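Read off the chains here:
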Amino acid sequence: MKEIWTTMASMMGVWAFCQSLLHTVFPPELRFASLKFFHRFFSYFSSSCYYDITEIDGVNTNELYNAVQLYLSSSASISGSRLSLTRGINSSAITFGLSNNDRLVDCYKGVTVEWEHIVTQRQGQTFAWRPLPEEKRGFTLRVRKKNKHLVLNSYLDYVMEKANDLRRRSQDRLLYTNSKGGSFDSRGQPWESVPFKHPSTFDTLAMDPLKKAEILADLKDFASGESFYQKTGRAWKRGYLLYGPPGTGKSSMIAAMANYLGYDIYDLELTEVNTNSELRKLLMKTTSKSIIVIEDIDCSINLTNRNTTGCGGGSSCSRKNNIYDVAPSTPVANGGEDGGGNTITLSGLLNFTDGLWSCCGSERIFVFTTNHIQKLDPALLRSGRMDMHIHMSYCSFPALKILLKNYLGYEERDLDKKLLEELEEVIDAAEMTPADISELLIKNRRDKKKAAVELLAALKLRAEERNRMKSRVGNGDEVEDEEQEKRALDSPVEGSDQLQESCSDCEVKDGYIVEEDKDEGLQ
């Protein structure tokens, strides 16, 4: 036993002597060069190459590291053998990730790559204004040499794109509105935001399924059409005009579009914008992958159809059958005396939707809504600005079946066949909006049978009223006189003196401007 200990002590002494001799004969620089040479020598014969992605790049956070971590978390739950589970505060989702020093295999375009999550303890650091984390984290990507061009040219871009998409879908969508008077918030932004929690989807939207499928296909083509828009030289944007009577689901359609695409919504209030320059600045501060909405654009500012304008001045005067409805004097959007500082012009709005500044971002959708499409200028409605016109009509029978399913849980097979036939016969003649029908169903949702019966009664009553109104149209002059009297009461004459000055040979009678010709009488 003593001899064994003596031999071990001798061997340790020889090892210490050789080590000290090695350090003396071979300085650290030479040893480092030798190790580097052997590493290159063996790497030359290796079939794989390695890429290191560290968490910290100098003093800044490496965005690629965060993107890889988020990307791998989406596939780790499927193919990972050892996972790290995390859950953030006020979050209902559990995030999967690779454990320390674990590996994950990914496949891209038939090429297999291997990711390894490496975590090591950082050596003691000196005093610094920004201390680094105690652990040194990073990913190592191993790929065959013959496939490295694919990885560098497209795979990493694919990882970044998928990570951004996952990040956007996991975060709460936001609803923005422009600050009053174009003012900026504490962060210097002209937009104020709140979380967007609207539950509307295309599944619950009361609309004809064929029209709904057409809109969904168009949205899908737009969201996946980056290469198409680049190839054709068009800005990656699209415009939708939603028009129809009030209560037909225009706002719900916008919410469904945002939920389907995962976009934020910018609700632009034109009355709070004073100049075209402010309008441009608001557009510049919007993000990509967003929907810019102007609701009731015919009521926001004076953008009436120039082809139907019969009188000038500060009052709204529209011509129909040589009779001009006189409305109270309103602020002029083109810089008139009554404009109150608001100088937004039609040209400014057109450039906002289709000018050079409209392409300062990508993957954006413009949505305008109106109850009276005939009031809008044709220049605002042409393709390139409003590419797709969507008529939000009164409730049809297919839309009614969707409402019955949403509010009462009724499928088509659950309803009596005779009741369905009666509903189908009367729904078109009733001309009721989805909002009106929804209110009837909400009030009686506890008694489903009663709700269906009362809905049928309400539809029949409305259809009879519509038929009586149509029959009265045959009286002609009597109905026209009653309508004129009603409009006169609703729109009292104000500023008729200015209108008489701007419209020659016009005479105000009973709240209307009647154009007369001395030789030929009333025209």
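Looking at an unreviewed UniProt entry, the protein chain carries the name AAA-ATPase, with the source organism given as Sesamum angolense. Per its UniProt entry, the protein chain bears the Sequence similarities (unreviewed entry) comment "Belongs to the AAA ATPase family. BCS1 subfamily." Reading the Cofactor (unreviewed entry) entry of the UniProt record for the protein chain gives the comment "Mg(2+)".

So, about the environment of Glu421. Position of Glu421 among the secondary structure elements: in helix 13 (residues 417–430). Between the alpha carbons of Glu421 and Phe397 there is a distance of 10.0 Å; along the sequence they are 24 residues apart.

The subject of this paragraph is the packing of aromatic side chains. Here the structure, examined in full by the defined rule, presents 13 aromatic pairs. With centroids separated by 6.2 Å and ring planes inclined at 90°, the aromatic side chains of Trp115 and Phe139 adopt a geometry described as edge-to-face. One end of the pair, Trp115, is in strand 7 (residues 111–121); the other, Phe139, is in strand 8 (residues 135–144), with 24 residues separating them in the sequence. There is no split in this pair, since Trp115 and Phe139 are both buried. Taken together through their ring pairs, the aromatic side chains of Tyr65, Tyr71, Tyr108, Trp115, Phe139, Tyr155 and Tyr158 make up a single cluster. The residue whose ring lies beneath Lys448 is Tyr410, and the NZ or CZ to ring-centre distance is 5.9 Å.

Before going further, it helps to spend a moment on the confidence of the model for the protein chain. In this model, the protein chain carries a mean pLDDT of 76, and residues with pLDDT of at least 70 account for 73%. The element-level mean pLDDT for the protein chain is lowest in strand 15 (residues 323–329), coming to 33, with strand 17 (residues 388–391) highest at 95. Confidence over residues 484–523 falls short of pLDDT 50; this stretch has 61 contacts with residues more than four positions distant or in other chains.

The periodicity of an α-helix, 3.6 residues per turn, causes residues three or four places apart in sequence to face the same way. Of all the residues in helix 8 (residues 276–284), the buried ones are Leu279, Leu282 and Leu283. Projected down its long axis, helix 8 carries its buried residues within an arc of 100°, all on one side. Packed against the buried residues of helix 8 are strand 9 (174–178), strand 10 (191–195), strand 13 (290–294), helix 10 (346–354) and strand 16 (364–370).

Counting through the fold element by element, Asp106 comes out in strand 6 (residues 103–108). Although Asp106 is buried, it forms no salt bridge, and the closest oppositely charged side chain is Lys162 at an N-O distance of 10 Å. Reaching out from Asp106, the side chain makes a polar contact with the side chain of Tyr155 at a distance of 2.7 Å. In this structure Asp106 touches Tyr71, Val111, Thr112, Val113, Trp115 and Tyr155, once residues within four positions along its chain are discounted.

Before going further, it helps to examine the UniProt feature "signal peptide" (unreviewed entry) in the protein chain. Residues annotated by UniProt as "signal peptide" (unreviewed entry) correspond here to residues 1–16. For residues 1–16, helix accounts for 94% and strand for 0%, while the C-alpha atoms at its two ends are 23 Å apart.

What follows concerns the sheet that holds strand 12 (residues 264–267). Within the open sheet, the seven strands sit side by side as 10-9-12-13-16-11-17. Their pairing is mixed. Looking at strand neighbours, the two that pair on one side only are strand 10 and strand 17, the edges of this open sheet. Between one strand axis and the next, the sheet turns by 20° as a mean value, whatever way the strands run. Pairing geometry for strand 11 (residues 237–243) and strand 17, over four bridges, is parallel. Paired with Leu242 across the two strands is Ile390, which belongs to strand 17. The strands touched by helix 5 (residues 209–223) within the sheet are strand 11, strand 16 and strand 17, with strand 17 carrying the most contacts at an inclination of about 150°.

Our next topic: the sheet that holds strand 1 (residues 48–54). Strand order in the open sheet made by the four strands is 1-8-7-6, with antiparallel pairing throughout. Here the strands that pair on one side only, and so sit at the sheet edges, are strand 1 and strand 6. Averaged over neighbouring strand pairs, the angle between their axes works out to 25° when direction is ignored. For strand 1 and strand 8, the ladder comprises seven bridges, and the chain directions are antiparallel. Its bridge partner lying in strand 8, Ile53 is registered against Phe139. Where helix 4 (residues 148–170) meets the sheet, it contacts strand 1, strand 6, strand 7 and strand 8, and its direction lies at approximately 130° from that of strand 8.

On the surface, a cluster of nonpolar side chains totalling about 540 Å² of accessible area is made up of Phe17, Leu21, Leu22, Val25, Phe26 and Leu30. At four residues, the largest contribution of residues to the nonpolar patch is made by helix 1 (residues 2–25). If you trace the backbone, Phe26 turns up in the loop between helix 1 and helix 2 (28–44).

Further remarks concern the packing of helix 14 (residues 434–443) against helix 15 (residues 448–472). Following both chains from N to C, one finds helix 14 and helix 15 inclined at 145°, their axes separated by 9 Å at the closest point. The chirality of how helix 14 crosses helix 15 is right-handed. Listed contacts from helix 15 to Asp436, Ile437, Leu440 and Leu441 of helix 14 are Ala451, Leu455, Ala458, Leu459 and Arg462. Here the contact of helix 14 with helix 15 is built from residues that sort into seven nonpolar, no polar and two charged.

Bringing the nonpolar core into the picture now. In globular proteins that are soluble, nonpolar side chains generally tend to be buried together. Counting 27 residues, the largest nonpolar core has Met253, Met257, Ile291, Ile365 and Val367 as the members making the most contacts within it. Counting only elements with at least two residues in this core, the list comes to helix 5, strand 11, helix 7 (250–261), strand 13, strand 16 and strand 17. For this core, the element with the most residues is helix 7, which contributes seven residues. In this structure, Ala399, Leu404, Leu456 and Leu459 belong to the second largest nonpolar core, which totals 26 residues.

Scanning the entire structure with this criterion turns up 12 salt bridges. Of the charged contacts, one joins Asp354 and Lys237 as a salt bridge, the two residues approaching to 3.5 Å between their closest N and O atoms. A residue pair is termed long-range when its members are at least 10 positions apart, and Asp354 in helix 10 and Lys237 in strand 11 qualify at 117 residues.

What counts and how
Residues numbered from 1 in each chain as written. Predicted model: local features only at pLDDT ≥ 70, side-chain atom pairs only at ≥ 80, totals over all residues. Heavy atoms only, no water. UniProt positions renumbered as here; feature names shortened; annotations may be inferred. Helix = DSSP H or I, 4+ residues; strand = E, 2+ residues; numbered from the N terminus. Phe/Tyr/Trp six-rings, centres within 6.5 Å; stacked < 30°, edge-to-face > 60°. Buried < 20%, exposed > 50% of the residue type's maximum accessible area, 1.4 Å probe, protein only. Lys NZ or Arg CZ within 6 Å of the ring centre and 35° of its normal. pLDDT = per-residue confidence, 0-100. Contact = heavy atoms within 4.5 Å. Arc of directions from axis to C-beta. Lys, Arg positive; Asp, Glu negative; His and termini not counted. Salt bridge = Lys/Arg side-chain N within 4 Å of Asp/Glu carboxyl O. Polar contact = N/O pair within 3.5 Å; in protein donor to acceptor, adjacent residues only side chain to side chain. Pairing = 2+ DSSP bridges. Axes fitted to C-alpha atoms, helices over the stretch in contact; angles between N-to-C directions. Patch = residues over 30% accessible without salt bridge, like charges linked within 9 Å, V, L, I, M, F, W, Y side chains within 5 Å. Areas by Shrake-Rupley, 256 points an atom, 1.4 Å probe, with all protein chains shown as cover. Left-handed = near helix turned anticlockwise from the far one by under 90°. Nonpolar A, V, L, I, M, F, W, Y, C, P; charged D, E, K, R; others polar. Core = buried A, V, L, I, M, F, W, Y, C linked by side-chain atoms within 4.5 Å.

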